[in-house]
Amino acid sequence: MKIVVLVKQVPDSGAERNLRSDDSTVDRDSANNVINEMDEYAIEEALKLREAHGGEVTILTMGPERAAESIRKALSMGPDKAVHVLDDALHGSCALATSKVLAAALKTLEPDLVIAGAESTDARGQVLPHMLAERLGAAALTGARKLTVDGATLTIERQTEEGYEVVTASTPAVVSVWDTINEPRYPSFKGIMEAKKKPVQTLSLGDLGIDAGEVGFGGASTAVVEHARRPPRQGGTRVNDDGEGGVKLVEFLVSEKFV
Amino acid sequence: MAARTAPLDLLALDSLLSQEEIAMRDLVRRLVDQQVRPHVARWFEDGRTPTRDLAKQFGAVGLLGMHLQGYGCAGASAVSYGLACMELEAGDSGSRSLVSVQGSLAMYGIWAYGSEAQKQRWLPDMAVGDAIGCFGLTEPDHGSDPASMKTRAERNGDGWVLRGTKMWITNAPVADVAVVWARTDDGVRGFVVPMDSEGVTANEIHHKLSLRASSTGEIVLDEVRLPGDALLPEARGLKAPLSCLTEARYGIAWGALGAARDCLDTAIAYACEREQFGRPIAGFQLTQAKLADMAVELQKGFLLALHLGRLADSVGLRPEQVSIAKLNNVREALAIARQCRTILGANGISLEYPVLRHANNLESVLTYEGTSEIHQLVIGQELTGVSAFT
Ligand SMILES: Cc1cc2nc3c(=O)[nH]c(=O)nc-3n(C[C@H](O)[C@H](O)[C@H](O)COP(=O)(O)OP(=O)(O)OC[C@H]3O[C@@H](n4cnc5c(N)ncnc54)[C@H](O)[C@@H]3O)c2cc1C
């Protein structure tokens, strides 16, 4: 089975993150840039499938020069090779344009299965896997907490707020996963040393036959008009127990979908 | 308060490391943060550590015997091995001891002096943590002076009979195999002893106030009959076990810095939070003098360890060079741990903070793998040409 895992480099969600004041894109210079957390689960799922069914795992990343670090990190977990779509004109691309570029790159790789994290911690749009499936004419099995493969038949448990749905499709497909699906392995020392030697192919927009005007700020279907930091947290709600305290607490928990 | 700089970032020491070395270090840091740090205070308090589980986790990433080539070992550089030791010991000296004893003492002993069959039998299992090894040199009455050891191995037909007692042996109570050093008619020789051999008993040493998150034991060898192929064929004389110790001491020189760094990080964070006399204690000049001196020593120790690592990866190390680093870095780490303890006041004696745990652990680290005095004698002999051991 040919599997491609989408990996995005994002600013560490555990630290303070900023948007740039000049063009409102994510500030990568001041950030500690890491693999999007959910993508590690996607890599793990791909590696498990390779172990069970054989085949090949390719990492696909669109991102600036420094995303190469994340590609090496991803490769040190065990994938076979990587493709890095790198082009200055991509800066400022919207989700639609990104999906166009990634779909073009995926067509050159002809995968049976594309696995992605359900969302990235910087944009949190959750739209990309759907867009890709549409562009590729592949099945969209999104939001999985479990994936089983039986020949060309794929079955996922799609995690919902109330429980899960069972969805079945056949390859080719795009599967997006939540962090409930597995426990990603640590890279190994051997993996780290071998990652240096694994092939990483760099593709430009020209290689993919995409015009620079279709992507970047110029080709964007959305624009950030304004941005501001989230206001500091307010004091929170205080529930005074005048006999109804328990009920009020449960009502709050239900409204926040905790119970 | 303005932004703080971490002690080892003051000199931009990461700029001396390769991408690969940093990746390996970060991997061990993450492993320790997730698998050791959350539990280690409890292990220490209970005096019980899940050594087998830890060995499996360490083995899965390739930590066990990581600097050896072949037989399932990662074949990483000496510098990467050192950085790994540093991260492990930032968690606890016990976790680093597990990796030192497994990789540098037991596995290295078999790797350097074993027969091909011994290597095939043990190294791959030990590399993944399925088999745990220990290293028996010290005896109840012979520590710094192993040349006078009493444990004897006698020829018995094609095989051997071992008699004696080994003491203070890390992981003996949980080990599957011991590399045991014994006197023979042919000088000191090494033996690969499966711990389930008839006549072998391992007793846990209790009541330790140091390295409590590490198992330590006594090995009693009561007429232990071993086949002829239990002998390590290439190990002749005391220089064989001493060469294993040189490997392990190298890792300890790095490791001790990890414990010191963890203490210093803790003390700095504490000093910035804790207020007395209406201001953070970090603002007092006496506190800053302590912190500055400790940061200076920590960085000097790092540069020394890194220098040794680069030598090891290029031309190799001489034992007295390792003595310099073991002596300095453990001694300074212990001084740092104790000084940090003062900054935490009463909280400094609590297991809620890692500081006194590290300080207590470092008391063992100061003694094992050659006491400070023995390393002073090694260096002194090199300087003067005169041996002062006896
Ligand atoms: C937790 C722990 C784990 C250990 N694990 C292992 C292990 O896995 N395998 C193993 O073989 N051993 C192990 N050891 C033993 C350790 O290596 C010895 O304790 C060490 O070599 C010192 O020996 P000793 O305790 O007998 O002290 P001694 O040799 O009796 O020394 C006592 C004091 O006398 C000093 N001294 C001795 N000779 C001289 C001299 N000539 N000049 C000046 N001063 C001198 C020493 O420096 C020391 O201060 C471990 C020890 C501990 C505490």
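Residues numbered from 1 in each chain as written. Chains lettered and ligands numbered in written order. Predicted model: local features only at pLDDT ≥ 70, side-chain atom pairs only at ≥ 80, totals over all residues.

Caption draft 1: Structural context of the overall build of chain B. Across its full length, chain B carries 11 helices and 9 strands. Relative to its length of 390 residues, chain B is compact, with a C-alpha radius of gyration of 21 Å against a globular reference of 21 Å. Counting only residues that meet the buried cut, chain B has 51% of its 390 residues in that class. In chain B, of all internal contacts separated by at least 6 residues, the share reaching a separation of at least 24 is 77%. (Helix = DSSP H or I, 4+ residues; strand = E, 2+ residues; numbered from the N terminus. Rg over C-alpha atoms; globule rule 2.2 N^0.38 Å. Buried ≥ 20, exposed ≤ 12 C-beta atoms within 10 Å, placed from the backbone. Contact = placed C-beta atoms within 7 Å.)

Caption draft 2: Highlighting the overall build of chain A. From N to C terminus, chain A includes 6 helices and 11 strands. Whereas a compact globule of 259 residues would reach a radius of gyration of roughly 18 Å, chain A reaches 20 Å, a difference of no more than 12%. Taken along the three principal axes of its C-alpha coordinates, chain A extends 65 × 50 × 40 Å. Across the 259 residues that make up chain A, the buried fraction comes to 35%.

Caption draft 3: Spatial organisation of the site of the ligand. All names here are of chain B. Near the ligand lie 21 residues; those nearest to it are Thr138, Gly143, Ser144, Thr371 and Glu373. In the shell around the ligand, the residues fall into 11 nonpolar, 9 polar and 1 charged. For the shell around the ligand, the two domains that each supply at least three residues are domain 2 (133–230) and domain 3 (239–384). (Near = placed C-beta within 6 Å. Nonpolar A, V, L, I, M, F, W, Y, C, P; charged D, E, K, R; others polar. Domains from an automatic or database assignment.)

Caption draft 4: Representation of the nonpolar core in the model. A:Val5, A:Val175, B:Phe191 and B:Ala337 are the most contacted members of the largest nonpolar core, which totals 180 residues. The element that contributes the greatest number of residues to this core is helix H7 (residues 239–273) of chain B, accounting for 18 residues. Setting aside anything within four residues of it in sequence, one finds A:Val175 in contact with A:Leu113, A:Ile115, A:Leu141, A:Ala144, A:Leu147, A:Leu154 and A:Ile156. (Core = buried A, V, L, I, M, F, W, Y, C linked by C-beta atoms within 7 Å.)

Caption draft 5: Region of interest: the domain arrangement of chain B. All names here are of chain B. Partitioning chain B into structural domains gives domain 1 (7–128), domain 2 (133–230) and domain 3 (239–384). Each of domain 2 and domain 3 has a C-alpha centre, and the two are 30 Å apart. When grouped by side-chain class, the residues that make up the side of domain 2 that touches domain 3 number 6 nonpolar, 3 polar and no charged.

Caption draft 6: Main features of helix H10 (residues 355–367) of chain B. Residues and elements named next belong to chain B. Compared with an ideal rise of 1.5 Å per residue, which puts 13 residues at 18 Å, H10 spans 19 Å between its outermost C-alpha atoms and is within 8% of the ideal. Inspection of H10 places Val355, Arg357, His358, Ala359, Asn361, Leu362, Ser364, Val365 and Leu366 among the buried residues, and these make up the whole buried set. Close packing links the buried residues of H10 with helix H2 (40–46), helix H5 (93–113), H7, helix H9 (319–343) and helix H11 (372–384). (Expected span 1.5 Å × (residues − 1).)

Caption draft 7: Local environment of the packing of H9(B) against H11(B). Residues and elements named next belong to chain B. Packing of H9 against H11 leaves a shortest axis separation of 9 Å and a crossing angle of 140°. Considering their axes alone, H9 and H11 lie oblique with respect to each other. Relative to H11, H9 is oriented so that their crossing is left-handed. Of the residues in H11, those touching H9 at Pro319, Glu320, Ser323, Ile324, Lys326, Leu327 and Arg331 are Ser372, His375, Gln376, Val378, Ile379 and Glu382. Its residues assigned to classes, the contact of H9 with H11 shows 5 nonpolar, 4 polar and 4 charged. (Axes fitted to C-alpha atoms, helices over the stretch in contact; angles between N-to-C directions. Parallel < 35°, antiparallel > 145°, perpendicular 65-115°, else oblique. Left-handed = near helix turned anticlockwise from the far one by under 90°.)

Caption draft 8: The pairing of strand E6 (residues 113–117) of chain A, seen in detail. Residues and elements named next belong to chain A. Within E6, 5 of the 5 residues are buried, which leaves it mostly tucked inside the rest of the structure. Neither face of E6 is left uncovered, since the one carrying Leu113, Ile115 and Gly117 and the one carrying Val114 and Ala116 both have all their residues buried. Examined bridge by bridge, strand E1 (residues 2–6) and E6 share 3 bridges and lie parallel to one another. Bridging across to E6, Ile3 finds its partner in Leu113. Taken together, the 5 bridges between E6 and strand E10 (residues 173–177) define a ladder with parallel strand orientation. Following the sheet pairing, Val114 is matched in E10 by Val174. (Pairing = 2+ DSSP bridges.)

Caption draft 9: A look at unusual backbone geometry. Cis geometry marks the peptide bond from A:Thr171 to A:Pro172; its omega dihedral reads 0°. Among the secondary structure elements, A:Pro172 is positioned in the loop between strand E9 (164–170) and E10.

Caption draft 10: Geometry of the confidence of the model for chain B. Model confidence for chain B is summarised by a mean pLDDT of 97, while 100% of its residues fall at 70 or above. Across the whole predicted complex the pTM is 0.92, and at the interface the ipTM reaches 0.89. (pLDDT = per-residue confidence, 0-100.)

Caption draft 11: Region of the structure containing the interface of chain A and chain B. Taken residue by residue, the interface counts 10 residues in chain A and 11 residues in chain B. Among the elements of the structure, helix H2 (67–76) and helix H5 (189–195) of chain A are those that each provide at least two residues to the side of chain A that touches chain B. The leading source of residues in the side of chain A that touches chain B is H5(A), at 4 residues. Taken together, the residues of the side of chain A that touches chain B break down into 5 nonpolar, 2 polar and 3 charged.

Caption draft 12: Structural view of the sheet that holds E10(A). Residue and element names in this part refer to chain A. Reading across the sheet, the 9 strands line up as E9-E8-E7-E10-E6-E1-E4-E5-E11 and stay open at both edges, with mixed pairing between neighbours. Either end of the sheet is taken by a strand with one partner, and the two such strands are E9 and strand E11 (200–203). Going across the sheet, the axis of each strand differs from the next one's by a mean of 35°, ignoring polarity. The sheet strands contacting helix H3 (residues 95–109) are E1, strand E4 (56–62), strand E5 (81–85), E6 and E11, and the helix crosses E4 at an angle near 150°.

Caption draft 13: How the structure looks around the environment of A:Phe217. Along the chain, A:Phe217 falls in the loop between E11 and helix H6 (245–255). Distance in space between the C-alpha atoms of A:Phe217 and A:Ser93 is 5.8 Å, their sequence separation being 124 residues.

Caption draft 14: Seen up close, the packing of H9(B) against H10(B). Residue and element names in this part refer to chain B. For the pair H9 and H10, the least separation of the axes is 9 Å and the interaxial angle reads 155°. Relative to H10, the element H9 lies roughly antiparallel. In this structure, H9 crosses over H10, and the sense of that crossing is left-handed. Across the interface between the two elements, Val330, Arg331, Ala333, Leu334, Ala337, Arg338, Cys340 and Arg341 of H9 pack against Val355, Leu356, His358, Ala359, Leu362, Val365 and Leu366 of H10.

Caption draft 15: View of the pairing of E5(A). Residue and element names in this part refer to chain A. Burial runs high along E5: 4 of the 5 residues are buried. In the sheet, E4 pairs with E5 via 5 bridges, with the strands oriented parallel. Residue Thr61 lies in a different strand from E5, and its bridge partner there is His84. Regarding topology, H2 serves as the crossover connection from E4 to the parallel E5, and that connection is right-handed. Two elements, E5 and E11, share 4 bridges in a ladder whose sense is parallel. Residue pairing for E11: Val85 is matched across the bridge by Leu203. (Right-handed = clockwise from strand over helix to strand, strands pointing away.)

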